[in-house]
Amino acid sequence: MNVLLTGGTGYIGSHAAVCLLQAGHNIAIIDNLSNSQELVAGRIENITQKKAPLIVGDICDTNLLIQTIQEHRIDAIMHFAGLKAVGESNAIPISYYINNVQGTLSILNAMDQTGVSTMVFSSSATVYGEPQYLPIDEHHPTSATNPYGRSKLHIEEILSDVAKSDKKWSFICLRYFNPVGAHHSMQLGEQPNGVPNNLMPYIAQVAHGIRAQLSIFGNDYLTTDGTGVRDYIHVMDLAEGHLCALDYAHQHPGWHAINLGTGTGHSVLEMVTAFASASGMEIPYQFEPRRSGDVASCYAKTDKANKLLQWSAKRSLESMCTSTWAWQTGEFSQK
Ligand code: NAD
Ligand code: UD1
(Lines give C-alpha, C1' and ligand atoms only; values in the text may rest on other atoms or scores of the structure.)
(Ligands and ions follow the chains in the order given, each with its own letter.)
Protein backbone atom coordinates (compact mmCIF):
# COMPACT_ATOMS: atom_id res chain seq x y z
CA MET A 1 0.00 0.00 0.00
CA ASN A 2 0.96 3.65 -0.36
CA VAL A 3 0.68 5.19 3.08
CA LEU A 4 0.78 8.87 4.05
CA LEU A 5 2.19 9.44 7.53
CA THR A 6 1.23 12.74 9.11
CA GLY A 7 3.81 13.62 11.77
CA GLY A 8 6.06 10.92 10.33
CA THR A 9 9.33 12.55 11.40
CA GLY A 10 8.19 12.53 15.05
CA TYR A 11 9.03 9.94 17.67
CA ILE A 12 6.37 7.30 17.00
CA GLY A 13 5.76 8.12 13.34
CA SER A 14 9.43 7.65 12.41
CA HIS A 15 9.51 4.16 13.95
CA ALA A 16 6.27 3.27 12.16
CA ALA A 17 7.76 4.57 8.90
CA VAL A 18 10.63 2.09 9.22
CA CYS A 19 8.23 -0.80 9.90
CA LEU A 20 6.03 0.12 6.93
CA LEU A 21 8.96 0.38 4.52
CA GLN A 22 10.49 -2.85 5.76
CA ALA A 23 7.14 -4.59 5.29
CA GLY A 24 7.12 -3.54 1.63
CA HIS A 25 4.78 -0.54 1.74
CA ASN A 26 5.59 2.81 0.15
CA ILE A 27 5.33 5.93 2.27
CA ALA A 28 5.19 9.70 2.11
CA ILE A 29 5.50 11.92 5.16
CA ILE A 30 3.91 15.27 5.84
CA ASP A 31 5.24 17.13 8.86
CA ASN A 32 5.51 20.80 9.77
CA LEU A 33 8.66 20.07 11.82
CA SER A 34 7.19 21.82 14.87
CA ASN A 35 8.58 19.01 17.04
CA SER A 36 10.98 17.12 14.79
CA GLN A 37 13.78 17.57 12.33
CA GLU A 38 14.02 17.20 8.58
CA LEU A 39 17.05 14.90 8.88
CA VAL A 40 14.88 12.19 10.43
CA ALA A 41 13.56 11.37 6.94
CA GLY A 42 17.16 10.72 5.84
CA ARG A 43 17.70 8.41 8.81
CA ILE A 44 14.57 6.44 7.91
CA GLU A 45 16.05 6.05 4.41
CA ASN A 46 19.45 5.03 5.85
CA ILE A 47 17.90 2.30 7.95
CA THR A 48 15.59 0.92 5.28
CA GLN A 49 17.47 1.81 2.09
CA LYS A 50 14.10 2.93 0.74
CA LYS A 51 12.63 6.30 -0.16
CA ALA A 52 10.87 8.31 2.56
CA PRO A 53 9.75 11.50 0.79
CA LEU A 54 9.08 14.32 3.24
CA ILE A 55 6.65 17.11 2.44
CA VAL A 56 7.25 19.94 4.89
CA GLY A 57 3.84 21.38 5.58
CA ASP A 58 0.89 21.55 7.90
CA ILE A 59 -2.01 19.12 8.10
CA CYS A 60 -4.34 22.12 8.34
CA ASP A 61 -3.43 22.88 4.70
CA THR A 62 -6.10 20.78 2.99
CA ASN A 63 -4.95 21.67 -0.53
CA LEU A 64 -1.43 20.49 0.23
CA LEU A 65 -2.87 17.23 1.59
CA ILE A 66 -4.98 16.70 -1.54
CA GLN A 67 -1.98 17.38 -3.77
CA THR A 68 0.20 14.99 -1.72
CA ILE A 69 -2.41 12.24 -1.68
CA GLN A 70 -2.81 12.47 -5.46
CA GLU A 71 0.89 12.73 -6.25
CA HIS A 72 1.81 9.71 -4.11
CA ARG A 73 -1.33 7.71 -4.99
CA ILE A 74 -2.07 7.30 -1.29
CA ASP A 75 -4.29 4.38 -0.19
CA ALA A 76 -4.33 4.96 3.58
CA ILE A 77 -3.31 7.49 6.20
CA MET A 78 -1.51 6.99 9.48
CA HIS A 79 -2.24 10.10 11.46
CA PHE A 80 0.41 10.84 14.09
CA ALA A 81 0.65 14.64 13.74
CA GLY A 82 -0.46 16.66 16.73
CA LEU A 83 0.59 18.46 19.86
CA LYS A 84 0.96 16.16 22.86
CA ALA A 85 2.04 17.90 26.06
CA VAL A 86 -0.66 17.84 28.72
CA GLY A 87 0.63 20.84 30.72
CA GLU A 88 1.10 22.95 27.61
CA SER A 89 -2.43 22.11 26.48
CA ASN A 90 -3.81 23.86 29.57
CA ALA A 91 -1.80 26.99 28.70
CA ILE A 92 -2.53 27.09 24.93
CA PRO A 93 -5.73 25.13 24.37
CA ILE A 94 -6.61 26.93 21.13
CA SER A 95 -3.40 25.69 19.50
CA TYR A 96 -4.23 22.17 20.69
CA TYR A 97 -7.71 22.25 19.20
CA ILE A 98 -6.44 23.78 15.93
CA ASN A 99 -3.56 21.33 15.46
CA ASN A 100 -5.30 18.24 16.71
CA VAL A 101 -9.01 18.61 15.96
CA GLN A 102 -9.01 21.08 13.06
CA GLY A 103 -5.98 19.30 11.62
CA THR A 104 -7.86 16.00 11.65
CA LEU A 105 -10.91 17.60 10.01
CA SER A 106 -8.62 18.93 7.30
CA ILE A 107 -7.30 15.40 6.71
CA LEU A 108 -10.83 13.98 6.58
CA ASN A 109 -11.82 16.67 4.10
CA ALA A 110 -8.82 15.79 1.91
CA MET A 111 -9.60 12.08 2.18
CA ASP A 112 -13.21 12.71 1.20
CA GLN A 113 -12.15 14.68 -1.86
CA THR A 114 -9.61 12.11 -3.02
CA GLY A 115 -11.43 8.86 -2.25
CA VAL A 116 -9.09 7.68 0.52
CA SER A 117 -11.17 6.09 3.27
CA THR A 118 -8.73 4.36 5.65
CA MET A 119 -7.04 5.99 8.63
CA VAL A 120 -5.08 4.66 11.60
CA PHE A 121 -5.18 7.35 14.27
CA SER A 122 -2.82 7.96 17.21
CA SER A 123 -5.13 8.10 20.19
CA SER A 124 -4.11 7.70 23.81
CA ALA A 125 -4.97 5.96 27.04
CA THR A 126 -5.62 9.48 28.28
CA VAL A 127 -9.17 9.13 26.84
CA TYR A 128 -9.98 6.79 29.76
CA GLY A 129 -9.52 9.59 32.30
CA GLU A 130 -9.34 8.36 35.90
CA PRO A 131 -9.31 4.52 35.73
CA GLN A 132 -12.46 3.01 37.22
CA TYR A 133 -11.13 -0.55 37.01
CA LEU A 134 -7.95 -2.33 35.94
CA PRO A 135 -6.79 -3.54 33.52
CA ILE A 136 -8.49 -1.00 31.26
CA ASP A 137 -10.40 -2.49 28.35
CA GLU A 138 -11.91 -0.61 25.43
CA HIS A 139 -15.37 -0.58 27.08
CA HIS A 140 -14.04 1.53 29.94
CA PRO A 141 -15.88 4.90 30.06
CA THR A 142 -14.05 7.75 28.38
CA SER A 143 -13.51 11.25 29.75
CA ALA A 144 -10.99 14.05 29.57
CA THR A 145 -9.23 16.07 32.22
CA ASN A 146 -7.29 18.49 30.02
CA PRO A 147 -7.45 20.01 26.51
CA TYR A 148 -4.96 17.50 25.10
CA GLY A 149 -7.04 14.55 26.25
CA ARG A 150 -10.24 16.27 25.15
CA SER A 151 -8.80 16.86 21.68
CA LYS A 152 -8.13 13.10 21.38
CA LEU A 153 -11.63 12.32 22.57
CA HIS A 154 -13.17 14.83 20.16
CA ILE A 155 -11.23 13.31 17.28
CA GLU A 156 -12.32 9.79 18.21
CA GLU A 157 -15.96 10.97 18.32
CA ILE A 158 -15.67 12.79 14.99
CA LEU A 159 -14.19 9.66 13.38
CA SER A 160 -17.03 7.59 14.85
CA ASP A 161 -19.66 9.96 13.39
CA VAL A 162 -17.99 9.98 9.99
CA ALA A 163 -17.75 6.17 9.98
CA LYS A 164 -21.50 5.98 10.61
CA SER A 165 -22.22 8.22 7.62
CA ASP A 166 -20.91 5.83 4.97
CA LYS A 167 -19.78 2.20 5.07
CA LYS A 168 -16.67 3.00 3.06
CA TRP A 169 -14.88 4.62 6.02
CA SER A 170 -12.41 2.61 8.03
CA PHE A 171 -10.91 4.16 11.15
CA ILE A 172 -8.80 2.56 13.84
CA CYS A 173 -8.12 4.62 16.95
CA LEU A 174 -5.06 3.11 18.59
CA ARG A 175 -5.07 4.00 22.26
CA TYR A 176 -1.39 4.01 23.20
CA PHE A 177 -0.36 3.45 26.78
CA ASN A 178 3.20 4.67 27.57
CA PRO A 179 5.52 4.42 24.55
CA VAL A 180 9.24 4.32 25.43
CA GLY A 181 12.50 3.02 23.90
CA ALA A 182 14.21 3.61 20.59
CA HIS A 183 15.15 1.93 17.32
CA HIS A 184 18.07 -0.49 17.70
CA SER A 185 20.06 1.36 14.99
CA MET A 186 20.28 4.23 17.51
CA GLN A 187 19.27 6.57 14.64
CA LEU A 188 15.71 7.12 15.84
CA GLY A 189 14.37 7.88 19.30
CA GLU A 190 12.53 10.39 21.42
CA GLN A 191 13.93 13.94 21.43
CA PRO A 192 12.10 15.91 24.08
CA ASN A 193 12.36 19.68 23.89
CA GLY A 194 13.70 21.22 27.10
CA VAL A 195 12.96 19.53 30.41
CA PRO A 196 11.22 16.18 29.75
CA ASN A 197 7.70 15.84 31.17
CA ASN A 198 7.67 12.07 30.93
CA LEU A 199 9.44 9.58 33.12
CA MET A 200 11.66 7.58 30.76
CA PRO A 201 13.41 10.49 29.00
CA TYR A 202 13.90 12.16 32.39
CA ILE A 203 15.51 9.04 33.88
CA ALA A 204 17.73 8.74 30.79
CA GLN A 205 18.94 12.32 31.22
CA VAL A 206 19.65 11.78 34.92
CA ALA A 207 21.63 8.63 34.12
CA HIS A 208 23.55 10.63 31.50
CA GLY A 209 24.38 13.36 34.01
CA ILE A 210 22.35 16.03 32.19
CA ARG A 211 20.03 16.38 35.19
CA ALA A 212 21.07 15.98 38.81
CA GLN A 213 18.27 13.78 40.06
CA LEU A 214 14.83 12.42 39.34
CA SER A 215 11.85 13.79 41.23
CA ILE A 216 9.46 10.94 41.92
CA PHE A 217 5.98 12.38 42.11
CA GLY A 218 4.33 10.63 45.02
CA ASN A 219 5.27 7.59 47.13
CA ASP A 220 1.94 7.22 48.88
CA TYR A 221 -0.18 5.68 46.15
CA LEU A 222 -1.96 2.39 46.78
CA THR A 223 0.56 0.46 44.68
CA THR A 224 3.18 -2.16 45.59
CA ASP A 225 5.82 0.42 46.53
CA GLY A 226 3.71 3.60 46.70
CA THR A 227 4.89 5.03 43.35
CA GLY A 228 2.75 5.37 40.20
CA VAL A 229 2.27 2.33 37.96
CA ARG A 230 2.08 2.56 34.13
CA ASP A 231 2.03 0.26 31.12
CA TYR A 232 5.30 1.04 29.31
CA ILE A 233 5.45 -0.29 25.76
CA HIS A 234 8.47 -0.44 23.43
CA VAL A 235 8.02 1.99 20.55
CA MET A 236 8.93 -0.76 18.05
CA ASP A 237 6.16 -2.99 19.39
CA LEU A 238 3.85 -0.01 19.05
CA ALA A 239 5.06 0.61 15.48
CA GLU A 240 4.45 -3.03 14.56
CA GLY A 241 0.95 -2.70 16.00
CA HIS A 242 0.31 -0.01 13.37
CA LEU A 243 1.18 -2.42 10.58
CA CYS A 244 -1.32 -4.94 11.91
CA ALA A 245 -3.91 -2.19 12.35
CA LEU A 246 -3.42 -1.08 8.75
CA ASP A 247 -4.11 -4.62 7.49
CA TYR A 248 -7.16 -4.91 9.73
CA ALA A 249 -8.53 -1.50 8.74
CA HIS A 250 -8.18 -2.38 5.09
CA GLN A 251 -10.38 -5.44 5.53
CA HIS A 252 -12.81 -4.20 8.20
CA PRO A 253 -14.47 -0.87 7.51
CA GLY A 254 -16.10 0.93 10.43
CA TRP A 255 -14.77 2.53 13.59
CA HIS A 256 -12.60 0.61 16.02
CA ALA A 257 -10.81 1.65 19.22
CA ILE A 258 -7.98 -0.66 20.25
CA ASN A 259 -5.54 -0.51 23.16
CA LEU A 260 -1.83 -0.86 22.46
CA GLY A 261 -0.03 -1.73 25.66
CA THR A 262 1.73 -4.72 27.19
CA GLY A 263 -0.91 -5.43 29.82
CA THR A 264 1.69 -5.17 32.58
CA GLY A 265 2.22 -2.23 34.88
CA HIS A 266 5.56 -1.10 36.32
CA SER A 267 6.08 1.36 39.15
CA VAL A 268 8.38 4.37 38.98
CA LEU A 269 10.82 2.67 41.35
CA GLU A 270 10.82 -0.47 39.19
CA MET A 271 11.64 1.72 36.18
CA VAL A 272 14.51 3.38 38.06
CA THR A 273 15.94 -0.01 39.03
CA ALA A 274 15.56 -1.41 35.50
CA PHE A 275 17.19 1.64 33.94
CA ALA A 276 20.07 1.64 36.44
CA SER A 277 20.71 -2.01 35.63
CA ALA A 278 20.51 -1.47 31.83
CA SER A 279 22.77 1.59 31.88
CA GLY A 280 25.12 0.65 34.70
CA MET A 281 24.59 4.18 36.01
CA GLU A 282 23.35 5.47 39.31
CA ILE A 283 20.01 7.29 39.21
CA PRO A 284 19.67 9.59 42.21
CA TYR A 285 16.09 10.43 43.10
CA GLN A 286 14.02 12.17 45.70
CA PHE A 287 10.36 11.82 46.54
CA GLU A 288 8.14 14.81 45.93
CA PRO A 289 4.41 15.40 46.30
CA ARG A 290 2.05 13.82 43.78
CA ARG A 291 1.84 15.52 40.37
CA SER A 292 -1.55 17.12 39.84
CA GLY A 293 -3.79 15.03 37.58
CA ASP A 294 -1.76 11.80 38.00
CA VAL A 295 -3.46 8.50 38.76
CA ALA A 296 -2.07 5.66 40.87
CA SER A 297 -2.15 2.89 38.26
CA CYS A 298 -2.99 2.59 34.60
CA TYR A 299 -2.44 -0.49 32.44
CA ALA A 300 -4.15 -2.06 29.49
CA LYS A 301 -6.23 -5.09 28.79
CA THR A 302 -4.80 -6.14 25.45
CA ASP A 303 -7.17 -8.95 24.42
CA LYS A 304 -8.78 -6.92 21.65
CA ALA A 305 -5.46 -6.17 19.96
CA ASN A 306 -4.38 -9.80 20.42
CA LYS A 307 -7.57 -11.09 18.84
CA LEU A 308 -8.37 -8.57 16.10
CA LEU A 309 -4.89 -7.49 15.10
CA GLN A 310 -3.10 -10.78 15.91
CA TRP A 311 -0.60 -8.55 17.69
CA SER A 312 1.01 -8.54 21.10
CA ALA A 313 3.93 -6.62 22.55
CA LYS A 314 7.07 -8.76 22.59
CA ARG A 315 9.93 -6.61 23.81
CA SER A 316 11.01 -6.63 27.45
CA LEU A 317 11.39 -3.82 29.94
CA GLU A 318 15.15 -4.42 29.71
CA SER A 319 15.03 -3.84 25.96
CA MET A 320 13.03 -0.62 26.50
CA CYS A 321 15.75 0.61 28.88
CA THR A 322 18.82 -0.52 26.90
CA SER A 323 17.53 0.99 23.65
CA THR A 324 16.70 4.27 25.42
CA TRP A 325 20.18 4.33 26.96
CA ALA A 326 21.88 3.55 23.63
CA TRP A 327 19.91 6.36 21.97
CA GLN A 328 20.56 8.79 24.84
CA THR A 329 24.32 8.23 24.72
CA GLY A 330 24.62 7.82 20.94
CA GLU A 331 25.64 10.52 18.48
CA PHE A 332 22.22 10.84 16.78
CA SER A 333 20.27 12.03 19.80
CA GLN A 334 22.36 15.21 20.04
CA LYS A 335 20.32 18.06 18.55
P1 NAD B 1 6.02 13.86 18.28
O2 NAD B 1 5.82 15.26 18.72
O3 NAD B 1 7.38 13.29 18.35
O4 NAD B 1 5.50 13.70 16.77
C5 NAD B 1 4.42 14.45 16.26
C6 NAD B 1 4.86 15.03 14.93
O7 NAD B 1 3.79 15.78 14.36
C8 NAD B 1 6.06 15.96 15.04
O9 NAD B 1 7.04 15.58 14.10
C10 NAD B 1 5.47 17.34 14.72
O11 NAD B 1 6.42 18.16 14.06
C12 NAD B 1 4.30 16.98 13.83
N13 NAD B 1 3.20 17.94 13.82
C14 NAD B 1 2.55 18.49 14.90
N15 NAD B 1 1.56 19.29 14.50
C16 NAD B 1 1.54 19.23 13.14
C17 NAD B 1 0.76 19.84 12.13
N18 NAD B 1 -0.24 20.69 12.45
N19 NAD B 1 1.02 19.56 10.83
C20 NAD B 1 2.03 18.72 10.50
N21 NAD B 1 2.81 18.12 11.42
C22 NAD B 1 2.58 18.38 12.71
O23 NAD B 1 4.97 12.98 19.09
P24 NAD B 1 4.88 11.39 19.20
O25 NAD B 1 5.30 11.01 20.57
O26 NAD B 1 5.53 10.76 18.04
O27 NAD B 1 3.30 11.22 19.13
C28 NAD B 1 2.64 10.92 17.92
C29 NAD B 1 1.16 10.90 18.17
O30 NAD B 1 0.87 9.93 19.17
C31 NAD B 1 0.58 12.21 18.70
O32 NAD B 1 -0.67 12.43 18.09
C33 NAD B 1 0.42 11.98 20.17
O34 NAD B 1 -0.62 12.73 20.74
C35 NAD B 1 0.09 10.49 20.22
N36 NAD B 1 0.46 9.85 21.49
C37 NAD B 1 1.74 9.93 21.93
C38 NAD B 1 2.08 9.35 23.16
C39 NAD B 1 3.49 9.43 23.69
O40 NAD B 1 3.67 9.16 24.89
N41 NAD B 1 4.49 9.75 22.91
C42 NAD B 1 1.10 8.68 23.90
C43 NAD B 1 -0.20 8.61 23.41
C44 NAD B 1 -0.51 9.20 22.18
C1 UD1 C 1 1.53 10.68 30.08
C2 UD1 C 1 0.61 11.79 29.65
C3 UD1 C 1 -0.76 11.23 29.32
C4 UD1 C 1 -0.67 10.09 28.33
C5 UD1 C 1 0.23 9.03 28.91
C6 UD1 C 1 0.39 7.88 27.93
C7 UD1 C 1 1.45 13.72 30.87
C8 UD1 C 1 1.26 14.64 32.04
N9 UD1 C 1 0.54 12.75 30.73
O10 UD1 C 1 1.12 10.37 31.40
O11 UD1 C 1 -1.56 12.23 28.76
O12 UD1 C 1 -1.95 9.53 28.11
O13 UD1 C 1 1.51 9.59 29.17
O14 UD1 C 1 1.07 8.29 26.84
O15 UD1 C 1 2.37 13.87 30.08
N16 UD1 C 1 6.94 10.58 36.98
C17 UD1 C 1 7.80 10.92 38.00
N18 UD1 C 1 8.76 11.85 37.73
C19 UD1 C 1 8.89 12.45 36.52
C20 UD1 C 1 7.99 12.09 35.48
C21 UD1 C 1 7.02 11.17 35.76
O22 UD1 C 1 7.71 10.40 39.10
O23 UD1 C 1 9.78 13.31 36.34
C24 UD1 C 1 5.92 9.53 37.26
C25 UD1 C 1 4.50 10.00 37.10
O26 UD1 C 1 4.01 10.54 38.29
C27 UD1 C 1 3.81 8.69 36.68
C28 UD1 C 1 4.89 7.94 35.88
O29 UD1 C 1 6.13 8.51 36.29
O30 UD1 C 1 3.50 7.94 37.82
C31 UD1 C 1 4.74 8.08 34.39
O32 UD1 C 1 4.65 9.45 34.05
P33 UD1 C 1 4.64 9.95 32.53
O34 UD1 C 1 5.80 9.37 31.79
O35 UD1 C 1 4.52 11.44 32.53
O36 UD1 C 1 3.33 9.26 31.90
P37 UD1 C 1 1.80 9.36 32.36
O38 UD1 C 1 1.65 9.96 33.69
O39 UD1 C 1 1.21 8.03 32.19
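Residues numbered from 1 in each chain as written. Chains lettered and ligands numbered in written order. Predicted model: local features only at pLDDT ≥ 70, side-chain atom pairs only at ≥ 80, totals over all residues. Heavy atoms only, no water.

Notes on the packing of helix 7 (residues 199-207) against helix 9 (residues 268-279)
Where helix 7 contacts helix 9, the two axes come as close as 11 Å, and the packing angle between them is 45°. Taken together, the axis directions place helix 7 and helix 9 in an arrangement best described as oblique. Here helix 7 runs over helix 9; the crossing is right-handed. Of helix 9, the residues touching helix 7 (which contributes L199, M200, I203, A204 and A207) are V268, M271, V272, F275 and S279. Tallied by class, the residues present in the contact of helix 7 with helix 9 amount to 9 nonpolar, 1 polar and no charged. (Axes fitted to C-alpha atoms, helices over the stretch in contact; angles between N-to-C directions. Helix = DSSP H or I, 4+ residues; strand = E, 2+ residues; numbered from the N terminus. Parallel < 35°, antiparallel > 145°, perpendicular 65-115°, else oblique. Left-handed = near helix turned anticlockwise from the far one by under 90°. Contact = heavy atoms within 4.5 Å. Nonpolar A, V, L, I, M, F, W, Y, C, P; charged D, E, K, R; others polar.)

Describing the site of ligand 1
Taken together, 26 residues sit near ligand 1, with D31, N35, S36, K84 and N99 positioned nearest. N99 is positioned such that a nitrogen or oxygen atom in its side chain is 2.7 Å from a nitrogen atom of ligand 1. Starting from 820 Å² of accessible surface for ligand 1 in isolation, the protein chains cover 95%. Elements with a contribution of two residues or more to the shell around ligand 1: helix 1 (11-22), strand 5 (118-124) and helix 6 (147-165). Per-element tally for the shell around ligand 1: the top contributor is strand 5, with 3 residues. Here the residues of the shell around ligand 1 are counted per class, giving 9 nonpolar, 13 polar and 4 charged. (Near = heavy atom within 4 Å. Polar contact = N/O pair within 3.5 Å; in protein donor to acceptor, adjacent residues only side chain to side chain. Areas by Shrake-Rupley, 256 points an atom, 1.4 Å probe, with all protein chains shown as cover.)

Things to note about the packing of aromatic side chains
All chains considered together, the criterion is met by 4 aromatic pairs. Where W169 meets F171, the ring centres are 5.5 Å apart and the plane angle is 20°; that geometry is what we call stacked. By relative accessible area, which is 4% here, W169 ends up buried. A cation sits over an aromatic face here: R211 above Y202, 5.9 Å from the ring centre. (Phe/Tyr/Trp six-rings, centres within 6.5 Å; stacked < 30°, edge-to-face > 60°. Buried < 20%, exposed > 50% of the residue type's maximum accessible area, 1.4 Å probe, protein only. Lys NZ or Arg CZ within 6 Å of the ring centre and 35° of its normal.)

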